[in-house]
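Listed below, chain by chain, are the residues.
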Amino acid sequence: IGAKAADAEAADREDAEYKRLRSRLVVATILTVPVVALAMGSHLVPSLRSVLKFPARPWVELLLTTPVLFWAGKDFFTGAWAAARHRAADMNTLVAVGTLSAFFYSVVLTVAPGVFETAAGARAHHEAGVPAVTGTYYEVAASIVTLILLGNLLQARATARTRGAVKALLGLSPKTARVERDGRDADIPVEEVRVGDLVLVRPGEKIPVDGVVETGSSNVDESMLTGEPLPVGKGAGDPVIGGTLNVNGAFRFRATKVGPDTVLQQIVRLVQAAQGSKAPIQKLADRISGVFVPVVMLLAALTFVLWLALAPAETRLTEALLAAVSVLIIACPCALGLATPTAIMVGTGKGAEAGILIKGGSALEEAHR
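Sequence positions are assigned chain by chain, starting from 1 and proceeding in written order. It should be noted that, the model being predicted, local features are given only for residues of pLDDT at least 70 and side-chain atom pairs only at 80 or more, the latter also being counted only at that level, while totals for whole chains, interfaces and linings use all residues. Processing note: side-chain calculations cover all non-hydrogen atoms of the structure and skip hydrogens and water entirely.

Draft legend 1. Quick look at the overall build of the protein chain. Secondary structure elements follow DSSP: runs of H or I no shorter than four residues count as helices, runs of E no shorter than two count as strands, and numbering proceeds from the N terminus. Scanning the protein chain from terminus to terminus reveals 13 helices and nine strands. Relative accessibility thresholds used throughout: buried, under 20% of the residue-type maximum; exposed, over 50%; partly exposed, between the two (1.4 Å probe, protein chains only). Expressed as a percentage of the 369 residues in the protein chain, the buried residues total 39%. A total of about 19,700 Å² of accessible surface is found on the protein chain, and carbon and sulfur atoms cover 65% of it. Computed by Shrake-Rupley with a 1.4 Å probe, the accessible areas treat only the displayed protein chains as cover when residues are assessed.

Draft legend 2. Layout of helix α11 (residues 316-330). Taking 1.5 Å per residue as the helical rise, α11 with its 15 residues ought to reach 21 Å, and the 21 Å between its terminal C-alpha atoms agrees with that figure. Those residues of α11 that sit buried are T318, A320, A323, A324, V325, L328 and I329. Between the first and last residue of a helix there are one fewer steps than residues, each counted as 1.5 Å, and that sum is the expected span.

Draft legend 3. Structural context of the confidence of the model for the protein chain. Residue-level pLDDT values for the protein chain average 80, and 81% of them are 70 or greater. The quantity known as pLDDT measures the predictor's confidence residue by residue, on a range of 0 to 100. We call two residues contacting when some pair of their heavy atoms lies within 4.5 Å. Note on residues 128-133: pLDDT under 50 across the span, and 11 contacts to partners over four residues away in sequence or across chains.

Draft legend 4. Structural context of the pattern of salt bridges. In the sections that follow, a salt bridge refers to a side-chain nitrogen of Lys or Arg positioned within 4 Å of a carboxyl oxygen of Asp or Glu. Taken as a whole and judged by the stated rule, the model has 10 salt bridges. Of the charged contacts, one joins R20 and D75 as a salt bridge, the two residues approaching to 2.6 Å between their closest N and O atoms. Of this pair, R20 sits in helix α1 (residues 2-44) while D75 sits in helix α4 (residues 74-85), and the two are 55 residues apart along the sequence. The exposure class assigned to R20 is partly exposed, which follows from its relative accessible area of 25%. Ionic pairing is found between K234 and E222, a salt bridge with its closest N-O pair at 3.0 Å. With K234 in strand β6 (residues 232-234) and E222 in the loop between β5 (218-221) and α8 (223-226), this pair connects stretches of sequence that are 12 residues apart. An identical accessibility class is assigned to K234 and E222; each is buried. It is possible to trace a salt-bridge network through shared partners that takes in E17, R20 and D75.

Draft legend 5. Main features of the environment of V209. Checked against the element boundaries, V209 lands in the loop between β3 (198-201) and β4 (210-216). Other than its neighbours up to four places away in sequence, V209 contacts V190, V193, V240, I241, G242, F253, A255, K257, V258 and T262.

Draft legend 6. Up close: the sheet that holds β6. Any two strands between which DSSP finds at least two bridges are classified as paired. Spatially, β6-β5-β8 is the arrangement adopted by the three strands of the open sheet, whose pairing is antiparallel. Single-partner strands in this sheet number two, and they are β6 and β8 (245-246).

Draft legend 7. Local environment of the packing of α4 against helix α5 (residues 91-111). Where α4 meets α5, the axes come as close as 8 Å, and the angle between the chain directions of the two elements is 120°. The angle between α4 and α5 places the two elements in the oblique class. In this structure, α4 crosses over α5, and the sense of that crossing is left-handed. Contacts between α4 and α5 pair F76, F77, G79, A80 and A83 from the former with N92, T93, V95, A96, T99 and L100 from the latter. Gly is placed with the polar residues, together with every amino acid not listed as nonpolar (Ala, Val, Leu, Ile, Met, Phe, Trp, Tyr, Cys and Pro) or charged (Asp, Glu, Lys and Arg). Of the residues belonging to the contact of α4 with α5, the class tally is seven nonpolar, four polar and no charged. Fitted lines through C-alpha atoms serve as axes, helices being fitted only where they are in contact, and the angles separating the N-to-C directions of these axes extend from 0 to 180 degrees. Comment on the angle field: the value is read as roughly parallel under 35 degrees, roughly antiparallel over 145, roughly perpendicular from 65 to 115, and oblique elsewhere. For a crossing to be left-handed, the near helix must be turned anticlockwise from the far one by less than a right angle; the clockwise case is right-handed.

Draft legend 8. Seen up close, the side chain of E139. With respect to the secondary-structure elements, E139 resides in helix α7 (residues 138-170). Think of it this way: Lys and Arg go in the positive column, Asp and Glu in the negative one, and His and the chain ends go nowhere. Among buried Asp, Glu, Lys and Arg side chains, E139 stands out as unpaired, with R57 the closest opposite charge at 7.0 Å. Those residues in contact with E139, other than ones at most four positions away along the chain, are V35, V36, A39 and M40.

Draft legend 9. Spotlight on the environment of L200. Within the secondary structure, L200 is located in strand β3. Taking relative accessible area as the criterion, L200 reaches 15% and is therefore assigned buried. The spatial distance from the C-alpha of L200 to the C-alpha of G216 is 9.8 Å, given a sequence separation of 16 residues.

Draft legend 10. Examining the packing of aromatic side chains more closely. Stacked, edge-to-face and tilted labels apply to pairs of Phe, Tyr and Trp rings (six-membered ring for Trp) whose centres lie within 6.5 Å, assigned for plane angles under 30 degrees, over 60, and everything in between, in that order. Scanning the model with the defined rule gives six aromatic pairs in all. Between the aromatic rings of F103 and F104, the centroid separation amounts to 5.3 Å while the plane-to-plane angle is 75°, which identifies the pairing as edge-to-face. We classify F103 as buried; its relative accessible area is 4%. Relative to Y138, the ring of F103 has its centre 6.0 Å away and its plane inclined at 70°; by these criteria the two rings are edge-to-face. Here F103, found in helix α5, pairs with Y138, found in helix α7; they are 35 residues apart in sequence, far enough to count as distant. When sorted by exposure, F103 lands in the same class as Y138, which is buried. Put simply, the rings of F70, F77, F103, F104 and Y138 pair up and form one aromatic cluster. Lysine NZ or arginine CZ positioned within 6 Å of the ring centre and within 35 degrees of the ring normal marks a charge as sitting over the ring. Here the basic side chain of R24 rests over the ring of W71, its NZ or CZ set 4.9 Å away from the ring centre.

Here it is as structure tokens:
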């Protein structure tokens with residue numbers, strides 16, 4: 001009963017997390033689409049350039065992007081902060097640094113468009129009749145957060161579907177058992193069956209727990225366990241497995257395994273453990289991430305220093321910032337942290353639905369060999 005309550009509580013948590021992610025993704029998408037349209041529309045449809053480049057456009061993009069980052073994408077920043085407190089860096093660190101760099105760079109350009117230019121650069125722009133630097137990158141920050149939220153939502157949905165496969169396994173077990181107590185047969189909840197109880201199974205009923213036949217005979221459909229489509233004959237002394245289907249006869253059997261010790265419950269635990277296990281490639285990805293993130297941060301800093309030293313004086317700060325932010329954003333390997341665990345959860349769940357039990361991520365990865 002405690003295990004069922006814990007399972008129900010875990011399912012409720014997963015449902016709540018899925019709904020939370022979904023609502024954040026919906027809001028982020030609604031706000032990000034116009035930001036991307038304003039930023040990229042003139043490139044895709046040149047005739048719209050004069051329409052989309054109105055003076056207040058950066059302020060509109062700022063207004064739309066702010067809730068995407070700091071509400072919808074809040075988890076990335078809290079995750080990055082938690083990693084930083086432990087003197088570590090992870091994928092959240094790259095997402096946070098990349099998006100915040102693009103965002104605050106854009107905010108500065110919105111508030112003070114020429115702040116990154118030198119006096120010489122400003123004179124050159126004025127003499128050439130072109131505006132000062134005004135290229136904002138709100139769409140970069142908003143779209144990265146939205147896309148990673150989409151990946152997280154897909155992973156949460158895969159987890160929920162996998163839990164459905166485990167529930168289907170649990171559904172194979174009947175809810176009650178007809179047990180002989182004090183010389184009479186009584187229907188009791190299957191959780192109350194004890195080892196040594198004498199259990200009656202009639203034609204068409206599922207066997208509630210594991211045991212050994214004492215009297216009577218029948219044919220039992222064990223396809224849920226073995227995949228064998230033909231019923232297996234059972235008589236006195238033969239073992240029976242909980243969750244299998246009694247086809248035609250009636251018999252009594254002595255319970256030998258109940259509750260978490262039954263074969264069906266062991267299968268359920270096996271599937272649950274497999275879903276949480278890591279494949280060797282995922283462990284490798286985790287190790288790479290621990291080194292990859294600090295290396296990317298170092299490369300971004302090096303890129304900034306080199307551009308600051310080598311770029312033309314009038315645009316060096318702007319180009320250095322853009323180059324460093326580009327390194328951070330492009331290096332964000334979101335799929336590395338999402339694809340493998342999602343594949344393992346979906347694979348083991350689909351396998352369970354089809355009667356194929358996969359012991360763990362390692363077995364799944366080795367299957368192609």
